[in-house]
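Coordinate analysis (summary)
So the chains spell out like this:
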Amino acid sequence: IVNIKTRKIVGCEALIRWRHPERGLIPASEFIPVAEECGVIGQIGDWVLKTACAEASRWPDDIWIAVNISAAQFSGGNLVDKILALSKRLPASRLVLEITETLLMTDRESAAATLERLKKLGVRFAIDDFGTGFSSLSYLQSFPFDKIKIDRSFVRDLEPEAAGGSAAVVRAVLAMAASLGLQVIAEGVETEAQRLQLVELGCTRGQGFLFGHSMPSNHWLEIAA
């Protein structure tokens, strides 16, 4: 995740890949649904969280790490204790948990209580794929989010030749976020034209192939240096 004006790295999102001995590198979109069906997604999520925090503890202090949290982890009942243990290596203020609306729909009261406990530890939260669900506005009002991630479908349509009102949607989200004190991150920034449009609209943070593909952290640390 970068400052889209300066292209300086401000944070990174942890992405999981499976390096299979025969099939090679398998993307999450293929094996995560299988892991959910098999009931092992919670274990995988815990490993990602632990590994990502350990990795980020070796980074510069001003770079934060974003980790996607599964419903299985969230409903397990001990997420707060796990993050409290991890905070001994990585300050909780450098951890951003990315949460989808689907995760919050199961048990709203329990979810709110968990988020509030984590918030007190210093953890920050981002609502992922904003604009694609049905109750985003009520979630922003009910839960302690710090960041909004605009879905890539709106960013893709910012291209000058694309039809539609994506610019108006992005402008509205930015205005709403500003009034609520939230930061906006544009997902899926792939072209210079999209970056310039976002800058013009007032968006300050983004991620996507324009700034770099997924890579091991030692690679981007070399680029950042």
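What this report covers is the structure whose coordinates are included nearby. (Residues numbered from 1 in each chain as written. Predicted model: local features only at pLDDT ≥ 70, side-chain atom pairs only at ≥ 80, totals over all residues. Heavy atoms only, no water.)

**Looking at the state of the cysteines**
Put plainly, a disulfide is one covalent bond tying together the sulfur atoms of two cysteines. According to the stated counting rule, one finds zero disulfides in the structure shown. With no disulfide partner, Cys-53 has as its closest neighbouring cysteine sulfur the one in Cys-12, 13 Å distant. Here Cys-203 stays unpaired: no disulfide links it, and the sulfur of Cys-12, its closest cysteine neighbor, is 17 Å away. (Disulfide = S-S within 2.5 Å.)

**Points about empty space enclosed by the protein**
Tallying each qualifying case throughout the model produces one cavity of 30 Å³ or more. Estimates place the volume of the largest cavity at around 30 Å³. What lines the largest cavity is simply Cys-53, Ile-83, Leu-86, Ser-87, Leu-90, Pro-91, Ala-92 and Leu-95. Here the residues of the lining of the largest cavity sort into seven nonpolar, one polar and no charged. (1 Å grid on protein atoms, 1.4 Å probe; cavity = no way out; pocket = protein on both sides within 12 Å on 5 of 7 lines; lining within 4 Å. Points joined across faces, edges and corners; volume = space filled by probe spheres on them. Nonpolar A, V, L, I, M, F, W, Y, C, P; charged D, E, K, R; others polar.)

**Some details on the pattern of salt bridges**
Considering all chains together, one arrives at 11 salt bridges under this definition. In this structure, Arg-58 and Glu-55 form a salt bridge, with 2.9 Å as the shortest nitrogen-oxygen distance. According to the relative accessible area criterion, Glu-55 is partly exposed, its value standing at 27%. The partner of Asp-61 in a salt bridge is Arg-94, with the nearest N and O atoms 3.9 Å apart. Residue Asp-61 is located in the loop between helix H2 (41–56) and strand E5 (64–68), and its partner Arg-94 is located in the loop between helix H4 (79–86) and strand E6 (95–99); the two are separated by 33 residues in the primary sequence. For Asp-61, a relative accessible area of 67% corresponds to the exposed category. Members of the salt-bridge network, linked through shared partners, are Glu-13, Glu-98, Lys-149 and Glu-187. (Salt bridge = Lys/Arg side-chain N within 4 Å of Asp/Glu carboxyl O. Buried < 20%, exposed > 50% of the residue type's maximum accessible area, 1.4 Å probe, protein only. Helix = DSSP H or I, 4+ residues; strand = E, 2+ residues; numbered from the N terminus.)

Note that all results are geometric; they support no functional claim without further evidence.
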